[in-house]
Amino acid sequence: GAVVSQHPSWVICKSGTSVKIECRSLDFQATTMFWYRQFPKQSLMLMATSNEGSKATYEQGVEKDKFLINHASLTLSTLTVTSAHPEDSSFYICSAAGARSEQYFGPGTRLTVT
Amino acid sequence: AQSVTQPDIHITVSEGASLELRCNYSYGATPYLFWYVQSPGQGLQLLLKYFSGDTLVQGIKGFEAEFKRSQSSFNLRKPSVHWSDAAEYFCAVGAGSTDKLIFGTGTRLQVFP
């Protein structure tokens, strides 16, 4: 099956700093990548959809200037949380979709902002 | 509004017992329906999906789900649960297999030996 990786798997940062999370499709080309956010014991909420080479589409209520998404290649999308605050602490999950008939999820990145 | 409801937050069953996890959805167009499983610290794994055809779909790990349009439901079942099935299960709906998904709140399954 297709593999999607995320890096880092766990990151701790200080309030006010920025952190970048990478999502890579390892063995297929992902024309579309989705970024989800999951709070403890809650569901996954879609943050944004990114298509390779174009600007990301953000869901209502998601601050695009705070959560910067770059999908620069067919195998890599990045999510940068700028000026992170404790309320941004969460589990961030990406999924990637290409020519195959389903999307594949990464293992997630746990962000803790102190 | 588009939404997915999983009424059961937490279910506990004995190993070898049967299992049914409930899922109801609200979606304007013809939905693609999915069940995913998430183990601690791991990503989501697709168990099965439905779009059209036979309303009883078979998935991996011995799971099956039945689509009932009249009830807007897509319940997940397994005849005999194994201890390794303990995990979080999510029902999701979308416009296609490679489209953005709306997830339910999840059901945590605990299995006792």
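The structure under discussion appears in the preceding block.
Please read these numbers as outputs of a predicted model, since none were measured by experiment.

1. Some words on the state of the cysteines
- Across all of its chains, the model carries two disulfides over all chains by this definition.
- A sulfur-sulfur separation of 2.0 Å characterises the disulfide bridge that pairs cysteine 23 of chain A with cysteine 94 of chain A. Taking the sign of the torsion about the S-S bond as the criterion, the disulfide between cysteine 23 of chain A and cysteine 94 of chain A, at about 80 degrees, is right-handed. Here the residue cysteine 23 of chain A occupies a position in strand β3 (residues 19-25), and cysteine 94 of chain A occupies one in strand β9 (residues 90-97), the gap between them amounting to 71 residues.
- Sulfur-sulfur distance for the disulfide between cysteine 23 of chain B and cysteine 91 of chain B comes to 1.9 Å. Taking the torsion about the S-S bond as the criterion, the cysteine 23 of chain B to cysteine 91 of chain B disulfide, at about -65 degrees, is left-handed. Of this pair, cysteine 23 of chain B sits in the loop between β3 (19-21) and β4 (24-26) while cysteine 91 of chain B sits in strand β10 (residues 87-94), and the two are 68 residues apart along the sequence. Residue cysteine 23 of chain B shares its accessibility class with cysteine 91 of chain B, and that shared class is buried.
- No disulfide involves cysteine 13 of chain A; its sulfur sits 18 Å from that of cysteine 94 of chain A, the nearest cysteine.

2. As for the sheet that holds β3 of chain A
All names here are of chain A.
- Spatially, the four strands line up as an open sheet ordered β1-β3-β8-β7, and their pairing is antiparallel. Since the sheet does not close on itself, it has two edges, and those belong to β1 (4-7) and β7 (67-73), each with one partner. Within this sheet the neighbouring strands show an average axis-to-axis angle of 15 degrees, counted without direction.

3. Observations concerning the pattern of salt bridges
- Summed over all chains, the structure comprises eight salt bridges over all chains.
- In this structure, glutamate 59 of chain A engages lysine 100 of chain B in a salt bridge whose closest nitrogen and oxygen atoms are separated by 3.4 Å. Taken together, the positions of glutamate 59 of chain A in the loop between β6 (57-58) and β7 and lysine 100 of chain B in the loop between β10 and β11 (101-103) put the pair across two chains.
- In this structure, arginine 22 of chain B engages aspartate 8 of chain B in a salt bridge whose closest nitrogen and oxygen atoms are separated by 2.8 Å. One end of the pair, arginine 22 of chain B, is in the loop between β3 and β4; the other, aspartate 8 of chain B, is in the loop between β1 (3-5) and β2 (10-14), with 14 residues separating them in the sequence.

4. Quick look at unusual backbone geometry
- Cis geometry marks the peptide bond from histidine 7 of chain A to proline 8 of chain A, where omega comes out at 0 degrees.
- For lysine 61 of chain B, which is not a glycine, the phi torsion comes out positive at approximately 60 degrees.
- Within the fold, lysine 61 of chain B resides in the loop between β7 (56-58) and β8 (64-68).
- Given a relative accessible area of 46%, lysine 61 of chain B falls into the partly exposed group.
- Positioned with a positive phi, serine 72 of chain B is a non-glycine residue whose angle comes to about 50 degrees.
- Inspection of the secondary structure assignment puts serine 72 of chain B in the loop between β8 and β9 (73-78).
- Classification of serine 72 of chain B by relative accessible area gives partly exposed; the value is 26%.

5. Remarks on the pairing of strand β11 (residues 109-113) of chain A
Residues and elements named next belong to chain A.
- Burial along β11 is one-sided: Thr109, Leu111 and Val113 are buried, while Arg110 and Thr112, pointing the other way, are not.
- Bridge analysis of β9 against β11 gives three bridges, and the strand direction is antiparallel. Paired with phenylalanine 91 across the bridge in β11 is arginine 110.

What counts as what
- Residues numbered from 1 in each chain as written.
- Chains lettered and ligands numbered in written order.
- Predicted model: local features only at pLDDT ≥ 70, side-chain atom pairs only at ≥ 80, totals over all residues.
- Heavy atoms only, no water.
- Disulfide = S-S within 2.5 Å.
- Helix = DSSP H or I, 4+ residues; strand = E, 2+ residues; numbered from the N terminus.
- Buried < 20%, exposed > 50% of the residue type's maximum accessible area, 1.4 Å probe, protein only.
- Pairing = 2+ DSSP bridges.
- Axes fitted to C-alpha atoms, helices over the stretch in contact; angles between N-to-C directions.
- Salt bridge = Lys/Arg side-chain N within 4 Å of Asp/Glu carboxyl O.

Nothing here speaks to function; it is geometry throughout.
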